[in-house]
Amino acid sequence: MIAFLTGVLRTKRPEGCVVDVGGVGFDVSMPTSSLAALPAEGDEVTVLTHLQVRDDGMSIYGFSSHEERALIEQLITVSGVGPKVAMAVLSGQSPASLKEAIAREDAELIATTPGIGKKTAQRVIVELKDRLDLPDLMAPTPATADAVQEARDALAGMGFSSAEIASAVKGFEAGDESDMTAEAVVRHALKSLGRA
């Protein structure tokens, strides 16, 4: 397996980059978060990699952190999730937010990734919940979950993307269970999004 590549960054594209290692150009697919961490073209770069060998060819996937690479290697073990879909997951969410979604069993958030339906999102949760180092979260009560879901629906109706909604709702802390209403969550989210 190729664990990493160190060389000159020749080109950056929306879906990856080309790293020149000793005169050989390696075409590396990367999630957007890792692409954003790359230096300027012409600079030296080290990219952590995962090599996939299939009957129809080989593909190299690159990452800026060990956490991203480890998460991709776990995601592709889930039935129905190949490397391209796994890369799309990490392009849409940070490793921390994906782990939080798995810990919260938030299949709807995971299913916002193109190529992942509700059933596949459920499989991701079931198969990875015990294998990943997940944040310790208090399980939401049914009333809390209903209020958050109602707030998400309202924010989606206002035109916010799933990623914006997930980020804005994430930090909501109510003083007590009786304060947990959809309106309170929406107010918090709008402040977080800078619209209140």
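Turning our eyes to something else, we now look at the overall build of the chain. Check the secondary structure of the chain and you find nine helices and five strands. Put simply, the chain runs from its N terminus to its C terminus through helices and strands in the order β-β-β-α-β-β-α-α-α-α-α-α-α-α. For the chain, with 196 residues in total, the buried portion stands at 39%. Within the chain, contacts between residues separated by at least 24 positions form 55% of all contacts whose residues are at least 6 apart in sequence. For the chain, the exposed surface amounts to about 10,600 Å²; the carbon and sulfur share of it is 53%.

Let us look at the packing of helix α2 (residues 66-75) against helix α4 (residues 95-103). Relative to each other, α2 and α4 sit at 40°, their axes nearing to 10 Å. Judged on the interaxial angle alone, α4 and α2 are oblique. Residues Glu67, Glu68, Leu71 and Leu75 of α2 lie in contact with α4, whose contacting residues are Pro95, Leu98 and Lys99. Each residue belonging to the contact of α2 with α4 can be placed in one class, and the counts come to four nonpolar, no polar and three charged.

Before going further, it helps to spend a moment on the nonpolar core. Residues Leu75, Val81, Leu98, Ile102, Ile110, Val124 and Leu128 are the most contacted members of the largest nonpolar core, which totals 27 residues. Residue assignment for this core shows that the elements contributing at least two residues are β5 (57-63), α2, α3 (83-92), α4, α5 (107-110) and α6 (118-128). In terms of residues, this core owes the most to one element, α3, which gives five residues.

This part covers the packing of α2 against α3. Where α2 meets α3, the axes come as close as 9 Å, and the angle between the chain directions of the two elements is 135°. With respect to each other, α2 and α3 are oriented oblique. The two elements α2 and α3 cross, and the hand of that crossing is right-handed. For the pair formed by α2 and α3, the contact residues are Glu68, Leu71, Ile72 and Leu75 on the first element and Ala86, Met87, Val89 and Leu90 on the second. Taken together, the residues of the contact of α2 with α3 break down into seven nonpolar, no polar and one charged.

Below, the discussion takes up the sheet that holds strand β1 (residues 4-13). One closed barrel accounts for five strands, arranged β1-β2-β3-β5-β4; its pairing is mixed. Going across the sheet, the axis of each strand differs from the next one's by a mean of 55°, ignoring polarity. With five bridges joining them, β1 and strand β4 (residues 44-54) adopt antiparallel strand pairing. For Thr6, the partnering residue across the bridge sits in β4 and is Thr46. Each of β4 and β5 touches α2; the most contacted strand, β4, lies at about 10° to it.

Our next topic: the side chain of Gln93. Inspection of the secondary structure puts Gln93 in the loop between α3 and α4. Setting aside anything within four residues of it in sequence, one finds Gln93 in contact with Leu98, Ala101, Leu109, Ile110 and Thr113.

Attention now moves to the side chain of Ser34. The topology assignment puts Ser34 in helix α1 (residues 32-36). The exposure class of Ser34 is buried, given its relative accessible area of 0%. Looking at Ser34, its side chain comes within polar contact range of the main-chain nitrogen of Ser64, at 3.0 Å. A distance of 2.3 Å separates a polar atom in the side chain of Ser34 from a polar atom in the side chain of Glu68.

On the surface, Asp146, Glu150, Asp153 and Glu183 cluster together into a patch of negative charge. For the negative patch, the element with the most residues is helix α7 (residues 142-157), which contributes three residues. Structurally, Asp153 is set in helix α7. Take Asp153: its relative accessible area is 48%, and that puts it in the partly exposed class.

Calculation criteria
Residues numbered from 1 in each chain as written. Predicted model: local features only at pLDDT ≥ 70, side-chain atom pairs only at ≥ 80, totals over all residues. Heavy atoms only, no water. Helix = DSSP H or I, 4+ residues; strand = E, 2+ residues; numbered from the N terminus. Buried < 20%, exposed > 50% of the residue type's maximum accessible area, 1.4 Å probe, protein only. Contact = heavy atoms within 4.5 Å. Areas by Shrake-Rupley, 256 points an atom, 1.4 Å probe, with all protein chains shown as cover. Axes fitted to C-alpha atoms, helices over the stretch in contact; angles between N-to-C directions. Parallel < 35°, antiparallel > 145°, perpendicular 65-115°, else oblique. Nonpolar A, V, L, I, M, F, W, Y, C, P; charged D, E, K, R; others polar. Core = buried A, V, L, I, M, F, W, Y, C linked by side-chain atoms within 4.5 Å. Left-handed = near helix turned anticlockwise from the far one by under 90°. Pairing = 2+ DSSP bridges. Polar contact = N/O pair within 3.5 Å; in protein donor to acceptor, adjacent residues only side chain to side chain. Patch = residues over 30% accessible without salt bridge, like charges linked within 9 Å, V, L, I, M, F, W, Y side chains within 5 Å. Salt bridge = Lys/Arg side-chain N within 4 Å of Asp/Glu carboxyl O. Lys, Arg positive; Asp, Glu negative; His and termini not counted. Charge placed at Lys NZ, Arg CZ, Asp CG, Glu CD.

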